[in-house]
Amino acid sequence: MDTRRYRMVVTSGLDYVSTGAQVDARLRDWLREPPKNYDIQAFAEGRNEIARGVTLDHDSATGTGGAYGRWRLRETAPDGTWQTTLVIRQTESRPTRVQLDVEHLPDDPDTLPTPAKTPRLAASLLDVLQARDGLADVTRMPQVVEAADIDSVIDELCDAERRLPIVMATAPNGADFDVWLERTLDPLVRPLAGLAILYALAPGADNRFNRLMEYHRVYGGGIRTFLPGVDPAWAADSQRHRVMSHRVVVVAENPARARRLLAQLPQGLATRAPLPPELDAVPVLRARTKESSGNSELERLRDENHALFEFLEEAGREQRVRADEIRDLKNELQRARSDEITLIAEYDEQYRELHETRVQLVTVQKRLLALGAAEAAYAPDDGGPAVPESFAEILERIEEMPRVHFTGARKITLELDDQAYGSSWVRMLGRTAGASGLRRRLGRRPRRRRGLP
């Protein structure tokens, strides 16, 4: 499924009333400032027409099930409608949730929606809401992690309540940390505001982090995206958490491409992850028109008929988009099921081969023991050259493979390192190439928060 909607879901550090006041103020500022320049005086309940082709719907409710407030902006464009929805929600004694969605609803049913960019409103809200996700602070700019903060950061990585990915960045060796932070990292992660928890390991902190997170290291200008549910003690778990190399971050010919690669996973998680139950329970918005200002009954009926026609068009457009999303999810589920069956078969074959290899090894050891060669039977493997762990390493060592001729595109091959989970394919290729001669030759402290007004 294409990632075309922007979605931010965070917990506000303020109470419900204060959150509502801050959201209202920031929304007004966002609508009033360029490039929108809308004349905003008041948000009345129901539909507010704030400009030609631009409507703002507002509804709210309070009851035994909690309270919510919602604002929905619709802006007509030549190729469809841009819809921005902002919801605040509180149930019982739970903290206030804030949800911000931006999406494109095309007029043509055969046209794909235009991908939504991260709105300035998201960064503005994060500046005032003291936003959190589980144990972690959610900020619009990276927080600097010092060595003394590592323990609390690891707690955040392992937090079962965390929904957002944690993007952990390190400065290149020998680089000026502050210059790298301002010129390289800030522009790179700017589209991730509200989609991820952003951290930059300070000099010295990376060493301690990598000692404690032996299987999940990040260093040398690399950036690692940690999914929810990190298990520091499990080596195989590290394969779930992608690493973007320093080469892609800095040496990339197109910085926009590096930003896009880094943003793909957080955007996909935000779109696919189920909403928290309290937000999912918010009723569907039923827009209401204002009382007609016409003097006659006929004018009132015309206004109501026109408004109903607009509501039907809007509902039809949104229904088409939701139907496309459901279809894409079903196709994705079918592919996942097919891949699961294939993987089960592959793992079964690999297990059988491994079992046969172990039986052969035990047999050889027994025969060596019978021949009086106990030391040789249990001598450790001398190893030889290590199997490559990345496609970049394979390309560097291609000359060590006398029977291998590389005819591919170097740039495309290197990009595989940033798209694949783990190194299984790399190791398989390394072992295959090895048959051609390769192996024969071979306590919580406040962190530095930046950019706040």
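The structure this text deals with has already been given above.
Residues numbered from 1 in each chain as written. Predicted model: local features only at pLDDT ≥ 70, side-chain atom pairs only at ≥ 80, totals over all residues. Heavy atoms only, no water.

A.B. asks: Quick question: what am I supposed to make of the packing of helix α4 (residues 177-189) against helix α7 (residues 255-272) here?
C.D. replies: Axis angle and axis distance: for two packed helices, these are the angle between their axes and the distance between the axes, and together they describe the pair. In contact at an axis separation of 9 Å, α4 and α7 are set at 55° when each is read in the N-to-C sense. Classified by the interaxial angle, the pair formed by α4 and α7 is oblique. Like other packed secondary-structure pairs, α4 and α7 cross with a definite hand, here right-handed. On the side of α4, the interface is formed by Pro187, Leu188 and Val189, while α7 contributes Ala258, Arg259 and Leu262. Tallied by class, residues from the contact of α4 with α7 come to 5 nonpolar, no polar and 1 charged. (Axes fitted to C-alpha atoms, helices over the stretch in contact; angles between N-to-C directions. Helix = DSSP H or I, 4+ residues; strand = E, 2+ residues; numbered from the N terminus. Parallel < 35°, antiparallel > 145°, perpendicular 65-115°, else oblique. Left-handed = near helix turned anticlockwise from the far one by under 90°. Contact = heavy atoms within 4.5 Å. Nonpolar A, V, L, I, M, F, W, Y, C, P; charged D, E, K, R; others polar.)

A.B. asks: How do you make sense of α7 when you look at a structure like this?
C.D. replies: Helix length check: α7 (18 residues) gives 26 Å between terminal C-alpha atoms against 26 Å at 1.5 Å per residue, within 8%. Along α7, the helix axis deviates most sharply at Ala263, where the bend reaches about 35°; the proline Pro266 sits within four residues downstream. (Expected span 1.5 Å × (residues − 1). Bend = angle between axes of the 7 residues up to and from the residue.)

A.B. asks: How should the pairing of strand β5 (residues 80-90) be read in this particular structure?
C.D. replies: Across a regular strand the side chains alternate sides, sitting on one face of the sheet and then on the other. Counting buried positions along β5 gives 9 out of 11 residues, so the element sits mostly inside the fold. The pairing of strand β4 (residues 66-77) with β5 spans 11 bridges and is antiparallel. Residue pairing across strands places Arg70 opposite Val87, the latter belonging to β5. Turn length for the β4-β5 hairpin, with the two strands adjacent in sequence and antiparallel, is 2 residues. Turn length for the β5-strand β6 (residues 97-106) hairpin, with the two strands adjacent in sequence and antiparallel, is 6 residues, and the turn residue Glu92 shows positive phi of about 50°. (Buried < 20%, exposed > 50% of the residue type's maximum accessible area, 1.4 Å probe, protein only. Pairing = 2+ DSSP bridges.)

A.B. asks: Quick question: what am I supposed to make of the pattern of salt bridges here?
C.D. replies: Pairing of side chains with opposite charge becomes possible as their charged atoms draw close. Across all of its chains, the model carries 15 salt bridges by this definition. Asp57 is paired through a salt bridge with Arg72; the nearest N and O atoms lie 2.9 Å apart. Of this pair, Asp57 sits in strand β3 (residues 54-63) while Arg72 is found in strand β4, placing the two residues 15 residues apart along the sequence. Both residues of the pair, Asp57 and Arg72, count as buried. Linking Arg140 and Asp127 is a salt bridge whose minimum nitrogen-to-oxygen distance equals 2.8 Å. One end of the pair, Arg140, is in the loop between β8 (136-137) and β9 (143-145); the other, Asp127, is in helix α2 (residues 120-128), and 13 residues separate them in sequence. Judged by relative accessible area, Arg140 falls into the partly exposed class, the value being 26%. (Salt bridge = Lys/Arg side-chain N within 4 Å of Asp/Glu carboxyl O.)

A.B. asks: Looking at this structure, I do not really get the packing of aromatic side chains. What am I missing?
C.D. replies: Note on aromatic pairs: each is described by the distance of the centres and the angle between the planes. Summed over the entire model, instances satisfying the criterion amount to 2 aromatic pairs. Between Phe177 and Trp180, the aromatic rings sit 5.6 Å apart at their centres with planes inclined by 40°, giving tilted as the arrangement. Taken together, the residues span about one helical turn, with Phe177 and Trp180 both in helix α4 at a distance of 3 residues. For the pair formed by Phe177 and Trp180, the shared burial category is buried. Aromatic pair Phe209 and Phe226: ring centres 6.2 Å apart, planes at 75°, arrangement edge-to-face. (Phe/Tyr/Trp six-rings, centres within 6.5 Å; stacked < 30°, edge-to-face > 60°.)

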